[in-house]
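Residue strings, one per chain:
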Amino acid sequence: MKWFHRIAERISGGEHAPSEHGEAISELFYRRSIYSDSAAFLKDLLALFPDGEPLADSDLKVLISVLRGVWGAEQALVDGELSEQSEFWLGLASHTGSAYAHACYGDTLLVGGRPAEAVEAFALSLELAPELLPEIAGDLDDVAREVGGEPWLHFSLAKLAALIGGQAGPDDDESRELYSELLEEFAGDSSALERIHYHGEVLEEAVKRGELPRALVLRSGTRTEN
């Protein structure tokens, strides 16, 4: 997907300070051929990332270059090893809390034909790092909409929060349009509406602070003045 290439370009650009695991990661990749299968290799690779330790950009750069390059999810699917890659990215996301790892996990799920779970993973990545919105949203919007239900709502609310939080341009009304669309789509779901209205209140506060443009009517029934 195009989102991955945009993220890869961002990570690969510029210099990144080496991490304490850099040499061990490079050495493990060098010794890849001695492993009998990918599961054993990826298990040892994951072990290099302790629980609770953030994922360094330099390490992410290597992982994206190799695991989404030479041994990418598409090739893993051909080789019958996609589940091993999925488990690695999910484990890495759990260990490090990395939004990028959650997105890469979502990508393996998409390749494996599990779109609903993929959309949930991408939604979580947006919650962790709203700045990923420009890379992710364009490609995932249609997938999330087609999945529908809770995954679509989760993804849309993560997107809405990112837009309200600063990822929209000063004259961009996308946040209000998305908010209105969600109100209409989930009109009969009181639990969903409660979650949506919370973001509507946050949106109104952003409008009052001048961070988002005003509009004549919000379809929630709340009016703002020009």
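Residues numbered from 1 in each chain as written. Predicted model: local features only at pLDDT ≥ 70, side-chain atom pairs only at ≥ 80, totals over all residues. Heavy atoms only, no water.

### So, the nonpolar core
Here is step 1: Ranked by internal contacts, the top residues of the largest apolar core, which has 62 residues, are Leu 45, Leu 63, Phe 88, Trp 89, Leu 92, Phe 155 and Ile 196.
Here is step 2: Take this core: its biggest share by element is 9 residues, from helix H10 (residues 149-167).
Here is step 3: Phe 155 has contacts with Val 119, Phe 122, Ala 123, Leu 126, Ile 136, Ala 137, Leu 140, Asp 141 and Ala 144, leaving out every residue within four places of it along the chain. (Core = buried A, V, L, I, M, F, W, Y, C linked by side-chain atoms within 4.5 Å. Buried < 20%, exposed > 50% of the residue type's maximum accessible area, 1.4 Å probe, protein only. Helix = DSSP H or I, 4+ residues; strand = E, 2+ residues; numbered from the N terminus. Contact = heavy atoms within 4.5 Å.)

### Remarks on the pattern of salt bridges
Here is step 1: Overall, the coordinates contain 8 salt bridges when judged by the stated rule.
Here is step 2: Where Arg 31 meets Glu 27, a salt bridge forms, and the shortest distance between an N and an O atom there is 3.6 Å.
Here is step 3: One salt bridge in this structure joins Glu 150 and Arg 195, with 3.0 Å as the shortest N-O distance. With Glu 150 in helix H10 and Arg 195 in helix H12 (residues 190-208), this residue pair connects regions lying 45 residues apart in the sequence. (Salt bridge = Lys/Arg side-chain N within 4 Å of Asp/Glu carboxyl O.)

### Focus on the packing of aromatic side chains
Here is step 1: Counted under the stated rule, the structure contains 3 aromatic pairs.
Here is step 2: Judged by centre distance (5.5 Å) and plane angle (55 degrees), the ring pair of Phe 29 and Phe 41 falls under tilted. Taken together, the residues span a long stretch of sequence, with Phe 29 in helix H2 (residues 22-30) and Phe 41 in helix H3 (residues 38-46) at a distance of 12 residues. No difference in accessibility class separates Phe 29 from Phe 41, as the two residues are buried.
Here is step 3: Where Phe 88 meets Trp 89, the ring centres are 5.3 Å apart and the plane angle is 70 degrees; that geometry is what we call edge-to-face.
Here is step 4: Assessed through its relative accessible area of 3%, Phe 88 is described here as buried. (Phe/Tyr/Trp six-rings, centres within 6.5 Å; stacked < 30°, edge-to-face > 60°.)

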